Number of protein chains: 4
Amino acid sequence: MKAAILGAAGYAGVELTRLLLGHPDFDLVAVTSERDAGKRVADVYPALATCDLVYQEHDTAALGPESQVVFLAVPHTAAMAVAPGLLAEGRVVVDASADFRLRDADLYAAWYGTPHRAPALLDGAVYGLPELWRASLPGARLIACPGCYPTASLLAVAPALEAEVTVSDRVVIDAKSGVSGAGRSPSAAAHFCAAAEAVAAYKAGVHRHTPEIAQGLADLGMAHPRLTFVPHLVPMTRGLLVTAYLEVEPGLSTDEAHALYASHYAAEPFVTVHPAARMPSTGEVRGTNRAHVGVAVDEASATLIVSVAIDNLVKGTSGQAVQCANLALGLTETAGLDLPCPVV
Amino acid sequence: MKAAILGAAGYAGVELTRLLLGHPDFDLVAVTSERDAGKRVADVYPALATCDLVYQEHDTAALGPESQVVFLAVPHTAAMAVAPGLLAEGRVVVDASADFRLRDADLYAAWYGTPHRAPALLDGAVYGLPELWRASLPGARLIACPGCYPTASLLAVAPALEAEVTVSDRVVIDAKSGVSGAGRSPSAAAHFCAAAEAVAAYKAGVHRHTPEIAQGLADLGMAHPRLTFVPHLVPMTRGLLVTAYLEVEPGLSTDEAHALYASHYAAEPFVTVHPAARMPSTGEVRGTNRAHVGVAVDEASATLIVSVAIDNLVKGTSGQAVQCANLALGLTETAGLDLPCPVV
Amino acid sequence: MKAAILGAAGYAGVELTRLLLGHPDFDLVAVTSERDAGKRVADVYPALATCDLVYQEHDTAALGPESQVVFLAVPHTAAMAVAPGLLAEGRVVVDASADFRLRDADLYAAWYGTPHRAPALLDGAVYGLPELWRASLPGARLIACPGCYPTASLLAVAPALEAEVTVSDRVVIDAKSGVSGAGRSPSAAAHFCAAAEAVAAYKAGVHRHTPEIAQGLADLGMAHPRLTFVPHLVPMTRGLLVTAYLEVEPGLSTDEAHALYASHYAAEPFVTVHPAARMPSTGEVRGTNRAHVGVAVDEASATLIVSVAIDNLVKGTSGQAVQCANLALGLTETAGLDLPCPVV
Amino acid sequence: MKAAILGAAGYAGVELTRLLLGHPDFDLVAVTSERDAGKRVADVYPALATCDLVYQEHDTAALGPESQVVFLAVPHTAAMAVAPGLLAEGRVVVDASADFRLRDADLYAAWYGTPHRAPALLDGAVYGLPELWRASLPGARLIACPGCYPTASLLAVAPALEAEVTVSDRVVIDAKSGVSGAGRSPSAAAHFCAAAEAVAAYKAGVHRHTPEIAQGLADLGMAHPRLTFVPHLVPMTRGLLVTAYLEVEPGLSTDEAHALYASHYAAEPFVTVHPAARMPSTGEVRGTNRAHVGVAVDEASATLIVSVAIDNLVKGTSGQAVQCANLALGLTETAGLDLPCPVV
């Protein structure tokens, strides 16, 4: 199956590139880049030294008529500008941007500061988080890949909500991301000397992933989520850790909560629930499409503590996009995602 | 004034060493070390190349009769073994360990797994967090320096509790520490290859600083704190960030909350409250005795978010010990702590 | 083909584990560990969460009679203790230690401070650096995998020596290694707080890889090498960079030197020679079996500068061991080594 | 004495700011910035939270008539544009740029790609490396502060050249710098994700510090230096390590070479020569104006190996500028530079 990537030279795009190059069922035929058009991928990213592709002009025309699947690794607003046309051409669109994640166009406008340009597509877009909503993916034509924070956050709370062990609608999510989450463009915050040896919260309570997490919480059955979401920047390249805090029934034990999670994710190929009270490190999942989950209950405060580690560029973005494409197109869900990545 | 350090070759001890070497009022006359006795400080720590001190045998006898102030930078249990003798000799004891922080000997036994050996001293020990309990320090003979996590945590919540803007006793504290918090002894967790490029929670809900924070919350007026405390390890050497989450009255705005904090800490020489909603980075306080504070309210969930950044080895340990000693002995509070440390 | 690893819980061993688990032709049937015997690999290394193997007792008996290939990832001296027996049992032995690299038992004794216990095997041992001595590998029964520094160093100088463009026997090799090169055991040097934000030379002129590099230089035709080798420790987990300095004929240009290298390595599946004067970063080869090469000539001083980047745990150890095993056993040289590793 | 900084918001400038704020003899009255004019220093750099200065317009007029000493922390070409005017106004100019380091205007034009605009000042400019040319500093009006690489490089070779133990004019200098050496402006190379977990050479043989090092070698008595200089970028914020390789008389021992260095630097307040064969780490000098020196001889190749560690922003730039200003103005050489910086 022919595939193409629009916006392939950013971090999400190049990660998609390496994944699709190694995928048994996709043939990556075109990659575009606004900044690097005309350059060889191997010259821009020497780690892909053996790749012969050249970045094409950053235009859907460059994707070639034969690309049946198009991955969009462009900023928000750019995706909704091109998706209608690509869909009209009969292609499957897997969008890594934020443009089709929120079902409510007004909510989009409120948080992204611009009207939605393709609201008619929102109803048909499928939110691509297979572990929670796998059934909606087969046959999907437009897939909205979740943000990295929502992916880890929703995986962290879903089993507790499903089991109805929470006793309030308050959810505190304290998240920690590596610097690659800020993208490839140089910036003051991404400067090595600013990011190294430092940790800080940013956009406390006002990060754009907040309404997306809240939408997911509602979908999972929480009537009126009172969500507090605070992301932090941590001095590492890859990795995203979410620690979620939920009020639960007094008396719920760590072992009981752990059993809920272990059972919920038992059949998931990409999720590992650690032994009770053992917390995951982002180092364990680096370079992979995996999510590792740790569960503990602080009985004194009747608080469920769930920590989920993912690689923000793989399970948090590009790996999940491939996983969703696999499911949408009837391929093996794990195809191309069995990544033997470095242990240390 | 003559000073000595018992246990001066660990991270807290060597940090005390550099601070006392530069202090205008203290004359550091003896440093001891179990591991490095007989070695020059300059050989163990080449950064102190100009220091002529030699580590003495790790025994109170090595402190010399002239040391009027003794800093204990030893593990818990070791401090309570020597403190009574040192006090009996008429010395002022500044203890950086956990031995005299909890006023309840049973609580100590429960969390530290060993009976308290000097319970009679607990009542007279002064908890050394000057910004919150400065008045108790002048004349103190035994100072229990707070743990690094409690220091940042209590600074984060005190103004809100004093102003009585919280509406529940639930407190979530999500903390992030640099690796030096684990001490100088090599360990699997402190191995560069384990700590770099990774972040993880540890001891979720069961860290020994939990009861100390809870005791502080009660002292600040929270009747029955329901505290959830989860520390995380972050790939940096120094620095500690606490992000605290408190339920507040609906309608409290970021500006109102910020005003409370700015006012509360206006006169503090070591505390800076950032403009409303601007969050501090540990990189700003590295190597200093400062605490930088950021305040925001997530109005949708009526949650106060306070982030406090300190250097775990300075304001979190050794700098605070010096600050307390200054106050106990009637010196200028900031003496020896005006550290012109690197900006980047 | 059945394979086993003796000493599989150190960094080289676990890297071999992940490579062999993903190898199409090897079936990893046994892994041993002195420290972790009885534990699941997945528990010791959560990154290998999907691996069902359990560390066996650290004894050759645990390798099972069916293991036709045994990889030794044990410290020097331990390898020569077991190799004779394994060979006598008809197995192929791929040794990642230093025990069979030096052909001169006296030289071994001089540098390693202990007599060689299996000198009779030295003549038959094959030095496993395929890019330089590929012809010796097919059918080899005992393969001595080069050290990480010699691998990069010899790749850096071989084309120049073959082309006879050097004018003296002086070779300066300044090498930079990530911390994983020091192994998994906690140590003062590997402590995060010692290694981070610091770079230093160590064992200047006296590192044990020196005679191995010199032996290789002689094999490449340099009659009496005057080698100066200085390794440095750099704050990163993986990666090894060698910058080699060779005196060359006045007038040799960067383009000429580059052409020699490009030609020499044109057919190598794991080597990329960058465009003239473009230097490689270890970040490009992280997690892979690749060597990236940069070539420049400083014409004013008639000095050839060659920089080679490898991943010390892959091309520097375990990947190369697999590459050698592939060649020794008649498999495809690149089998199991086509690693789609993270670009950033 | 009133002082001002032109270009105070870059890394060199802000480092000068913190040093001058703590200096007993200088009163910092004005700081300018092109990018940050109008902002408080404390807002741009929260680490300087207690600083009340505001960045002025980036113009010499903003320095105020009372500034007797002006530090230039501007890019090359900008310094030579303003120095003549400042000198004509009777001020002492301490220039941290490259504009007055090379005495030969043609050499400047060749390496910097632009003609020198103030060649008449070159003869009178004093090269500010006190440990080697202290006598020229008292009374100096225009001080050219050495580059960071030349500082460490010349300190590494001077004692050997003075003692005439070298036997050739070949000098190989392999240098390793932290990322702050590239300045504060965001760039692809300084992006955390590019710089972390990677080491690479850059500008091999063509770095602009090369002619400056060569000029210094000639000044130290090496008739026709054949210098090869290769800098590398290392994943740390601060620190610069030079490892220099010199051919010496056969038979020269490590102890003999060490004695030369120990003797040469015995009286230097900022230089420590480590015990023979013990190599310095940049971590030892972080945040300080110190240079730590390690000396070894590889007797087999008759090569002297000298490693020098400095902080690139202090002894490599701003600290040295203050040291030079102290000497030029008759102050205590170490005034304001006794920095009690963090040990770990």
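Residue positions within a chain follow its written sequence, with the count starting from 1. Lettering of chains starts at A and numbering of ligands starts at 1, both following the order in which they are written. Per-residue local features of the predicted model are confined to residues with pLDDT of at least 70, and side-chain atom pairs are confined, for both listing and counting, to 80 or more; whole-chain, interface and lining totals are unaffected and use all residues. The side-chain figures draw on all heavy atoms in the structure; neither hydrogens nor water molecules are used.

Here we come to the packing of aromatic side chains. Working definition: rings of Phe, Tyr and Trp (its six-membered ring) pair if their centres are within 6.5 Å, and the pair is stacked with planes under 30 degrees apart, edge-to-face with planes over 60 apart, and tilted otherwise. Enumeration according to the criterion identifies 18 aromatic pairs over all chains in this entry. Between A:Tyr127 and A:Trp133, the aromatic rings sit 5.9 Å apart at their centres with planes inclined by 70 degrees, giving edge-to-face as the arrangement. With 4.8 Å between their ring centres and 20 degrees between their planes, B:Tyr108 and B:Tyr112 make a pair best called stacked. Highlighted residues: B:Tyr108 and B:Tyr112, both in helix H4 (residues 105-112), separated by four residues, approximately one helical turn. Among the residues examined, B:Tyr108 registers a relative accessible area of 0% and is labelled buried. Put simply, DSSP marks the helices as runs of H or I at least four residues long and the strands as runs of E at least two long, and each gets a number from the N terminus on. For each residue, the accessible area found with a 1.4 Å probe, counting protein chains only, is set against the maximum for its type, and the residue is called buried under 20%, exposed over 50%, and partly exposed in between.

What follows concerns the domain arrangement of chain A. A common way to report how large an interface is uses the accessible area buried once the components associate. All names here are of chain A. Where a domain begins and ends is set by an automatic assignment or by a domain database. Examined at the domain level, chain A breaks down into domain 1 (2-146 + 315-328) and domain 2 (149-312). Measuring from the centre of the C-alpha atoms in domain 1 to the corresponding centre in domain 2 gives 25 Å. Contacts are assigned to residue pairs that have any heavy atoms within 4.5 Å of one another. Domain 1 puts 29 residues into the contact, and the matching count from domain 2 is 36 residues. The term buried area refers to how much accessible surface (probe radius 1.4 Å) is lost by two components on association, counted for both of them together. At the boundary of domain 1 with domain 2, total buried surface from both sides reaches about 2,600 Å², with 51% on carbon and sulfur atoms. When the area that domain 1 buries against domain 2 is broken down by residue, the three leading residues are Tyr11, Trp111 and Lys315, summing to 25%. A pairing counts as a salt bridge when a side-chain nitrogen of Lys or Arg comes within 4 Å of a carboxyl oxygen of Asp or Glu. Connecting domain 1 to domain 2 are five salt bridges. When the shortest N-O distance is used, the salt bridge between Asp219 and Arg103 registers 2.9 Å. Polar contact criterion, stated in full: a pair of N or O atoms within 3.5 Å, where within protein one must be able to donate a hydrogen and the other to accept it, and residues adjacent in sequence count only if both atoms are side-chain atoms. Inspection of the region where domain 1 meets domain 2 yields 20 residue pairs in polar contact (both at pLDDT 80 or more). Breaking the side of domain 1 that touches domain 2 down by element, the ones donating at least two residues are helix H1 (11-21), helix H4 (105-112), helix H5 (130-133) and helix H10 (314-328). Ranked by the residues each element gives to the side of domain 1 that touches domain 2, the list is headed by H10, at six residues.

Residues and elements named next belong to chain D. The pairing criterion for strands is at least two bridges between them, as found by DSSP. If you walk across this open sheet you meet the seven strands as E8-E9-E7-E10-E13-E12-E11, and the pairing is mixed. The sheet is open, and its two edges are formed by strand E8 (200-201) and strand E11 (271-273), each paired on a single side. Here strand E10 (residues 240-248) pairs with strand E13 (residues 303-310) via eight bridges, running antiparallel. Counterpart to Leu240 in the pairing with E13 is Ile310. What counts as an axis is a line fitted to C-alpha atoms, over the stretch in contact for a helix, and the angles between N-to-C directions run from 0 to 180 degrees. Sheet strands in contact with helix H8 (residues 210-219) are strand E7 (166-177) and strand E9 (226-233), and its direction is about 135 degrees off that of E9. Against the sheet, helix H9 (residues 254-264) touches E11, strand E12 (291-298) and E13, its axis set at about 155 degrees to E12.

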